[in-house]
Structure formats: C-alpha cells, structure tokens
Amino acid sequence: MRVVLMGAGHIGQTIAAWLSHSGDYTVKVVDCSVVALKALAHLPVETALIDTSDVAELRDSMTGYDAVINALPYHLALTVATQAKAAGCHYFDLTEDVAATRGIMALAEGAKTAFMPQCGLAPGFIGIVAHHLSQKFTELHEVKMRVGALPAFPTNSLKYNLTWSVDGLINEYCHPCEAIRDGNVIEVLPLEGMEHFSLDGTEYEAFNTSGGLGTLCDTLKGKVQTLDYKTVRYPGHGAIMKMLLQELGMQHDQETLKAILRKSVPLTMQDVVLVFVTVSGECDGKFMQEVFARKIFADRSETNPMSAIQITTAAGICGAIDLFREKKLPQSGFIKQEQVALPDLLANRFGCAYQQSRQVESIG
C-alpha cells in the first residue's frame, strides 16, 4: 500500500518507522521542516519538503498514492482531508478537534474513498475500548473515559512536562466539551468537573477537556444516561491552567501561552500513559460494572527509545490503517473509531502495543 505521511514530528517519526519496516507499505513523508525530514534518513522512506499550508503542494504530494496519514497540527486537518479527497486518496488523521472532525464527516458523505479521523489515543483507542465494553450491557447507565499522558517524574509546579503537541494541549483546554447527562447531549466547560482518584497508590485529578469522546456522543445518544471524557493529570495542574487561561485571559492569547510553555516546560521522553474506562448498566438482570485500566510506559531501550505517548498514538493510527488494508473496516465514507473491533485491534501487529502494557492491579 502506498501511503503519504504528512508530518515528521515525534509521532510521525514513529509512524514512518513502523509502517516502512512492516513490509506492506511504501511510505513518503512530507513536511515543511528540513530538520524533521533529516531525522528520517535512516529509514527506508521517501521524503519531500513542501509548504504544508499550500493546498496545491499538498494535493500534488498525494497524487498517485493510496492513502494519506495526517500527523500535522490539528488546524490543518480539514485542509489536508479536502486535498486527499481531490487526489482520490483515503484519509486518516490524529485530530482531537471537534470542528475539524465535523467538517471531515461532511466531506466524507457520499465519497468513494474512506475518511477516518481521530485515530490516536484519545480520541481513538479510548473510544474503541468504551464502545466494546458498552456492547456487553442490555441497558447502559454510565460510561466514564479517563486518559492521561503524564511525566513519570514531575518536578515543577504544573506537575507536567511536554509529551505531545502544545497546539493540541491548549486546544483541548479551551473548547467546550461534549457529554451526555440524563440521556441528553450537552456541552460542558473545559477544566471543570474536577474529580480525584488513585491508581496503584498514586493520586490523580481529572477534568473536562475537548475532543476525547470522538463520535461516541452520536453513537450512544439515546442509549446511555451519562457519558463523559476527562483528561488525567497530577493534582494541582488543572488549577494552574485554569488561572492562566481563564483568570489571566490567555485563552484569548493562545500563541503567547504556547510560546511560554515551549520555552519554560521541558519535553520528556520518560512518560506514562494512563487509560481508565468504566461502564455500568444492566446485564443479565443485574446492575454490573466493567473496567478497563492500563498504564503504558515509555520504551527506554538504547537502540530505539520511544515515549509512551509516541507508542500509544502511533499504535492507534497504524493499527487503523492496517485493519483498513486488511478490509476489516469499511472501504469508503466516514469511519468512526467505534467501528473498530477491540479484539481485532489488540490482535493487530501495531495495536498489540496496548495489549502488551501492564494492567493496573488495583483501583482505589
């Protein structure tokens, strides 16, 4: 399968390595950064330096390929998807942006090619897990989805290090969040809904953030009483971000805040991804609860170190395109994450990255 990968950042580099070494993909990587593309010199991939904001260059770079994998910043998602449709390519991305996903859904209507956004961790894997657990119940009461990409060794007041896109981080902290309450789809405010819990003796907080539900609100509307998604952080992080964004008004000057974070908050490869889903409802006449809880750790091997967020994000999108290639997913139109069968993903050579992680032993 001939694929064009848009974006050679940390996640893009992992995607490029996994697909190009699999034997089933011919990969071309496109980016606007010479430095990023040079980091791929050791891989059996073609590279192309283009202006990723130029629609003509985007379309030309896709022509003749089977599929586009978009690992560029979220604000380019709809632009890249539009050019993929024009070039006759299938489209996959990692976006968490709700507006972009709605635009791609409209673009996919009646299309001969497939459009599958939100193929990362959250949205992405978390929705596949939640939907899978939900199928076990005859009547759904509550679905709670919690995900955190956290530094293994926090040392600053934010109790946070940069583990992924600053653009995506601020975007999810600033936009309204979908949820279901009393069976009705509503919007709730980001950084609200604070709760605390512990896993393996470590204390965490969780609060509303945008985009993590993917299309689950549409899928489970009328079937569940309560559905929500929250981002997990160490205690105290949410209060500081709320002060910066809301009290100091930096939600209206996001570029300044992003610049501050990039300059002052160090990047780390020593991280851990926490996935925690609970579903409750009626099953065989009994009120039951199902729980899926994992901690996924960074790979610190000397030969090929990868952060936990690299592993979990790349596993989602590489698994999705691999299942698509194997025709285990629809071959045209809009594809929701919850159309992926969890057993298929966990059995996949890329998706098994989630399976191999250590399961959390206790939940308090």
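A. Representation of the state of the cysteines. Under the criterion given, the structure shown has 0 disulfides. Its sulfur unpaired, Cys 89 is 16 Å from the next cysteine sulfur, which belongs to Cys 119. Free of any disulfide, Cys 177 has its nearest cysteine sulfur in Cys 174, 10 Å distant. With relative accessibility at 2%, the residue Cys 177 sits in the buried group.

B. Highlighting empty space enclosed by the protein. As enumerated under the stated definition, the model contains 3 cavities of 30 Å³ or more in all. By volume, the largest cavity amounts to about 60 Å³. For the largest cavity, the full set of lining residues is Val 98, Gln 118, Cys 177, Glu 178, Thr 209, Ser 210, Gly 211, Gly 212, Leu 213, Gly 214 and Tyr 229. One number sums up the size of the second largest cavity: a volume of about 40 Å³. Around the second largest cavity, the lining residues are Gln 118, Pro 123, Gly 124, Gly 127, Leu 213, Gly 214, Thr 215, Leu 216, Gln 337 and Glu 338. Residue composition of the lining of the second largest cavity, by class: 3 nonpolar, 6 polar and 1 charged.

C. Molecular detail of the sheet that holds strand β5 (residues 90-93). Strand order across the open sheet formed by 7 strands is β3-β2-β1-β4-β5-β6-β15, with parallel pairing between neighbours. Edge positions in the sheet fall to β3 (46-49) and β15 (333-334), since each of these pairs with one other strand and no more. Two strands pair when backbone bridges link them, and strand β6 (residues 114-116) and β15 are joined in this way by 2 bridges, in the parallel orientation. Residue pairing across strands places Phe 115 opposite Phe 334, the latter belonging to β15. Against the sheet, helix α1 (residues 10-20) makes contact with β1 (2-6), β2 (26-31) and β4 (67-70), and its axis sits at roughly 165° relative to β1, the strand it touches most.

Conventions and cut-offs
Residues numbered from 1 in each chain as written. Predicted model: local features only at pLDDT ≥ 70, side-chain atom pairs only at ≥ 80, totals over all residues. Heavy atoms only, no water. Disulfide = S-S within 2.5 Å. Buried < 20%, exposed > 50% of the residue type's maximum accessible area, 1.4 Å probe, protein only. 1 Å grid on protein atoms, 1.4 Å probe; cavity = no way out; pocket = protein on both sides within 12 Å on 5 of 7 lines; lining within 4 Å. Points joined across faces, edges and corners; volume = space filled by probe spheres on them. Nonpolar A, V, L, I, M, F, W, Y, C, P; charged D, E, K, R; others polar. Pairing = 2+ DSSP bridges. Helix = DSSP H or I, 4+ residues; strand = E, 2+ residues; numbered from the N terminus. Contact = heavy atoms within 4.5 Å. Axes fitted to C-alpha atoms, helices over the stretch in contact; angles between N-to-C directions.

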